[in-house]
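# Descriptive structure summary
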Amino acid sequence: MTFQEFKNLVIAACQEAGIAEYELYYQAGSSVSVDTFQHAVNEFSSSTSGGVCFRCIVDGKMGYASTEALNAEQAKALVLKAADSAAVLEAEEQVFLGEGGQEYEPLNIEPYELPSTEALISKILEVQEKLYAADPAVIDGCQTEGLLEQSEIAICNSKGLDLSYRNQTSGLIVVGVVSDGKEMANDFQAKLGNLAKIDADALVKKAVEGAKVKLGGEPAPTGQYPVVFSPDAMSSLLQVYSSVFSSEAAQKGLSRLGDAEGQVIAAPIVTLVDDPFHPENPEPINFDAEGSPTHKKNIIEKGVLNTLLYNLKTAAVAGKKTTGNASKAGYDAAVGLRPFTMYLENGDLSEEELLAKAGNGVMITSLGGLHAGADPISGDFSLQSAGFMIRDGKKAEYVKSFTVAGNFYDLLKNIVGIADNCQLPMPFGMTTFGAPSVLVEGLSVAGK
């Protein structure tokens, strides 16, 4: 049964049960992934998932029910189960359904056909051979993975919402492993988008070169000095601390930004953006999980916190409008919050100029222990790091096995330079994070 047919049955069941306020949320997807080991396919996986979540308001309380089966029997059962769940709720809280008749930005999704599984296998084996041929230092352990994904979302309710979204993406992941005879090192590179347009040669080159520079190296010297975070490293920090910009986290006391809107929280050169339509976002969408329109917004603008991210519930608590950032981790998950594409805007310096501004310090290119060593509530972090020393304004020797420590809230205020090389690495879950290289003062490095 199609979702449209199932939706009509659910609406009829609501009318029969006398339920006037309701919502039906549908999410489905499929994925194929293939990876290699040595010169052959190592693993193949194919999966499909999806279902519907029905919500209804009965006597001011929201009831929920969900199912993976789309048939006439489940359509009626879904409505009755949700009504029953609303009846037994004791908590008194405001409940919301999205309004129909809103305006949505048009999507500019370039349609393309996903390759067949056979073509995907052929592609990753070809790229794997390129990895082995890229450099004499390359050894066994290299890996190439290809993936294909399709997704579909639909939402309709009794207030006139009737929205749908479909998209597909493909991707390539390469892991280069090298050795100098004494030690091994690896580097990971990935790109999502139209597989036919992904520059596999560039990914291979970057992975192998990134692995080679990690051979050797000593810990950075202990001290407090300027730190340059590379785009990858700064994006990782944004990912870990993105929850501090959630109004839900703030209202629960899990962020220090609850009363900070309109206040200076960062250096004046800092602008932090959330853009559902960023050209490098593989899954642009013009409505959120509640059917509210999505839009580009400056969370921080020139150091000032313009807005936290809101859904209908948290916006009502704060007396504000939703920012269109409602999210669901799955069709049957509770409504939460997430950014779409969160990134720091480019500055006006080249990376070379940023390093020159740093003078003598350290450039961090990778961070480890992000979830164990970073506390989003306090903002404190102490993270395993690797990168390069900066000497006389230039990138010098590779350094590793040292720790960088500080506080994210303080870091935002102590950014003294931003390069013009913003990059968006692999998405984390449903959100893509990005940043240019950033120069920060006041951080502590513990090494040798």
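In this report, the structure presented in the accompanying data block is examined. (Residues numbered from 1 in each chain as written. Predicted model: local features only at pLDDT ≥ 70, side-chain atom pairs only at ≥ 80, totals over all residues. Heavy atoms only, no water.)

Turning to the overall build of the chain, a few remarks are in order. Per the secondary structure count, the chain includes 9 helices and 21 strands. Out of the 448 residues belonging to the chain, those deemed buried represent 50%. Of all intrachain contacts in the chain linking residues separated by at least 6 positions in sequence, the fraction that spans at least 24 positions is 71%. Total accessible area computed for the chain in this model is approximately 20100 Å², and 49% of it derives from carbon and sulfur atoms. (Helix = DSSP H or I, 4+ residues; strand = E, 2+ residues; numbered from the N terminus. Buried < 20%, exposed > 50% of the residue type's maximum accessible area, 1.4 Å probe, protein only. Contact = heavy atoms within 4.5 Å. Areas by Shrake-Rupley, 256 points an atom, 1.4 Å probe, with all protein chains shown as cover.)

Quick look at the pairing of strand E4 (residues 143-157) now. Summarising the sheet, strand E1 (residues 22-37) and E4 pair through 13 bridges and their orientation is antiparallel. Each residue of the ladder has a partner; that of leucine 24, found in E4, is cysteine 156. (Pairing = 2+ DSSP bridges.)

Let us look at the sheet that holds strand E3 (residues 61-67). An order of E3-E2-E1-E4-E5-E6 is seen for the 6 strands of this open sheet, with the pairing classed as antiparallel. In the strand order of this sheet, the two ends are held by E3 and strand E6 (184-193), each with one partner. Taking the axes of each pair of neighbouring strands and ignoring which way they run, one obtains an average angle of 15 degrees across the sheet. Packed onto the sheet, helix H2 (residues 72-87) meets E1, strand E2 (40-58) and E3 and runs at close to 145 degrees relative to E3. (Axes fitted to C-alpha atoms, helices over the stretch in contact; angles between N-to-C directions.)

What follows is about the packing of helix H3 (residues 117-133) against helix H4 (residues 200-212). As a packed pair, H3 and H4 sit with axes 10 Å apart at the nearest point and diverge in direction by 40 degrees. Here H3 is positioned oblique relative to H4, judged by the angle of their axes. Where H3 crosses over H4, the two elements pack in a sense that is right-handed. For the pair H3 and H4, contact is made by Lys123, Val127, Lys130 and Leu131 and by Ala200, Asp201, Val204 and Val208, respectively. For the contact of H3 with H4, the per-class residue count stands at 5 nonpolar, no polar and 3 charged. (Parallel < 35°, antiparallel > 145°, perpendicular 65-115°, else oblique. Left-handed = near helix turned anticlockwise from the far one by under 90°. Nonpolar A, V, L, I, M, F, W, Y, C, P; charged D, E, K, R; others polar.)

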